[in-house]
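What follows is the residue order along each chain.
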Amino acid sequence: MLVTALLIRGGRLIDPRNGVDGRRDVLLRDGAVAAVGEELLDLPAEVEVIDAAGRWVVPGLIDVHVHLREPGEEGKETVLSGSQAAVAGGFTAVVAMPNTRPPNDSPQVTELVLARARAAGLCRVYPAGAISKGLLGEELSEMGELRAAGCACFTDDGRPVMSASLMRRALLYARPLGVPVVAHEEDLTLSGHGVMNEGLTAARLGLLPLPRSAEVAMVARDLVLAQEVDGRLHLAHLSCAESVALVREAKKRGVRVTCEATPHHFTLTDEAVDGYKTSAKMNPPLRRAEDVAAVREGLADGTIDCIATDHAPHGPLEKEIEFDRAANGVVGLETAVPLALELARSGVLTPGRVVALLSDGPARAFGLPGGHLGEGAPADVAVIDPQAEWAVDAERFRSRCRNTPFHGRKVQGRVTHTVVGGRVVFAFEEAGR
Amino acid sequence: MAPRLAGLLAIEGMSKGQVELLLDRAGQLERGLDGPRPLAGRVVANLFFEDSTRTRSSFEIAAKRLGAEVLNWTTRGSSASKGETLLDTVRNIDAMGPQIIVMRHASSGSAAFAARHTRAPVINAGDGTHEHPSQALLDAFTLRKHLGALDGKRILVVGDILHSRVARSNLRCLTLLGAKVALCGPPTLVPKEMAALGAELFDDLDRALEGVDAVMMLRVQMERQQDAAFPTAREYGRRWGLTQARADRLPPGVKVMHPGPINRGVEIATQVADGPRSLILEQVHHGVAIRMAILEACS
């Protein structure tokens, strides 16, 4: 039976864009928010009800940095399995990175990803197009064609745009397309053969160090370029205190820049690598305690606009090997909410700020629909039980991969329902799994 | 008393007592008190994924003196060169049931990785730029023989500290035994974090040499210099090499060591390497006794 109306009753609605934080009923109908009120009485005859008492009701979460691996590496993840992981994590929309095989540097690949997402029918998937043809960092991709096909931004993520000239042209050329150019900031001549953050742990373990300047110098360069050409720049996965400070200053100057931070970068330091844990190997690498503190401060004061997971699935062939040869990346979709809530419990962020960083912030940064639950907004909602205690169990991930440094971590806060377009696409069942 | 070990992956984590027991036992073994052959009829697997002559031969002789059969597995001609993963190689070796695995590999942490996937005790014979514990033990053994107790002794290690597993193991081992360790080399090759591990850091060799009891010269690893951490071997030799002139300025009792293989005329002058201060061949000699003690402790 097709239910056209859904009432989420009695939860604590946290909707930062509309300035709401309190007990509300939310009525969804025909794919949109139909009504929000303290106690909705005028209900349609046929209405499905979710009892949200004691829970948070928040705008569907948006992750602007996800690797879905399709096409080309379907053994690691597919649009379907990635979407299943996304909705289990409360995400109703994800931006899919273009470093697939082939990369998303043509409308054909964009259309394939969109077709797979429609077939999956779970979350909204916004493909990111490549900045450069083949992600080679040499020539601009057909950004106009990619935008027309549905790309939500441009990035060569996974690798930096080493040529300053190409980055400058990308920022200029993308300007009329109205979407951001997303930068993976890493000067490859500085990162060299480094495999973990430069510091005591690297010195102890005898792992070649990757200096923070590899990120910071490129952040500085791209802020200069964005300011000069009035480009729209988004910085992916910031990990260094100096990067956060540079963005803070640039925003004050009026540079059109937004940025994101990942749960692993605001939760862990490079000490997590001890024991040569490849599950804690990612790029940018985990940094010092000072950097974690600065990233948290940036999340709190608005310098950082969104929490994004950089969900990067890898299998045993890439991870159960020597540390220096292991692939970079961790999965993140199914652990983002409890890790973000740790910041609320420890007083780093208000609950409203946590929700904003996962919904309103990314929606604004990328100009995406949703991100709020005002009347008429898309009926994309996450319901969260903020008290539920559980232990992360990678074996239970919907993602095809288990590469997480958080396996076994005791966490609090669980997504109980995810609603996309008014349809319940995920409901947590205690005994069901 | 013979020490017992479940393997030897690193000096980090060892106690002073464990190290001293191994050194003492090596002393007995060196004097020919080996007696019974605890590895008779057992197989020691030498897994060398990286070139080595000295260390592999030394472990092989040590194992044979303890009565073991030695399997020499090198990358050339083995499945590793056909793309087999380290995990698969280790599982296969493990399935053959060796008593002990001795392993050399180019990746830091690889010995610990192997130890997680085999029942046999693993002895790290050098893992990437991490540790080379048997080298540090034989160095400590050699130093103790010449300097007596190492408490308060000043030992200088010179060269490419960043890429040196010998430096890391020696820093830990000598510090454990009470010595004061100084590190010296081009600033591009001496991580400042080594200070937090207890080392005094220098970039001027002549200053670093003041008051030392022994100096350990590291091999300039030209194969690891892809990032050109110093301009030329000639300049390196002038600034950080143990030249005859520098050696002549040292008090007579100061000893000179080198883990080998040496680059004559780069980090150490030929006359110094072959001169009266040099303990280089003695280090090699002691390597056998130390490795016997380690193998025995793991048997």
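Everything here concerns the structure above.
Note that this is a predicted model, so its numbers are computed, not measured.

## Digging into the sheet that holds strand β6 (residues 61-66) of chain A
All names here are of chain A. Pairing in this open sheet of three strands is parallel, and the strands run β6-β7-β8 from one edge to the other. The open sheet has two edge strands with one neighbour each: β6 and β8 (124-127). Each neighbouring strand pair of the sheet contributes to a mean axis angle of 20°, computed without reference to strand direction. Two strands pair when backbone bridges link them, and strand β7 (residues 91-96) and β8 are joined in this way by four bridges, in the parallel orientation. In the strand pairing of β8, Ala 93 is matched with Arg 124. On top of the sheet, helix α1 (residues 79-88) reaches β6, β7 and β8; it is set at about 135° to β7, its chief contact.

## Examining the interface of chain A and chain B
Contacts between chain A and chain B engage 17 residues on the former and 21 residues on the latter. Take the side of chain A that touches chain B: its biggest share by element is four residues, from helix α6 (residues 200-205) of chain A.

## What about the packing of helix α1 (residues 16-30) of chain B against helix α11 (residues 280-298) of chain B?
Residues and elements named next belong to chain B. Two numbers describe how α1 lies on α11: the axes approach to 8 Å, and their chain directions differ by 115°. Between α1 and α11 lies a crossing whose hand is right-handed. Listed contacts from α11 to Leu 22, Arg 25, Ala 26, Leu 29 and Glu 30 of α1 are His 286, Ala 289, Ile 290, Met 292, Ala 293, Ile 294 and Ala 297. Classifying every residue of the contact of α1 with α11 gives nine nonpolar, one polar and two charged.

## Focus on the nonpolar core
With 122 residues, the main nonpolar core has Val26(A), Val95(A), Ala96(A) and Phe154(A) as its most contacted residues. The residues touching Val26(A), leaving out its near neighbours within four places in the chain, are Ile8(A), Leu13(A), Val33(A), Val36(A), Val57(A), Leu373(A) and Val381(A). Ranked by size, the runner-up nonpolar core spans 110 residues in total, among them Phe48(B), Ile123(B), Leu174(B) and Met217(B).

Reading the values: the criteria
- Residues numbered from 1 in each chain as written.
- Chains lettered and ligands numbered in written order.
- Predicted model: local features only at pLDDT ≥ 70, side-chain atom pairs only at ≥ 80, totals over all residues.
- Pairing = 2+ DSSP bridges.
- Helix = DSSP H or I, 4+ residues; strand = E, 2+ residues; numbered from the N terminus.
- Axes fitted to C-alpha atoms, helices over the stretch in contact; angles between N-to-C directions.
- Contact = placed C-beta atoms within 7 Å.
- Left-handed = near helix turned anticlockwise from the far one by under 90°.
- Nonpolar A, V, L, I, M, F, W, Y, C, P; charged D, E, K, R; others polar.
- Core = buried A, V, L, I, M, F, W, Y, C linked by C-beta atoms within 7 Å.
- Buried ≥ 20, exposed ≤ 12 C-beta atoms within 10 Å, placed from the backbone.

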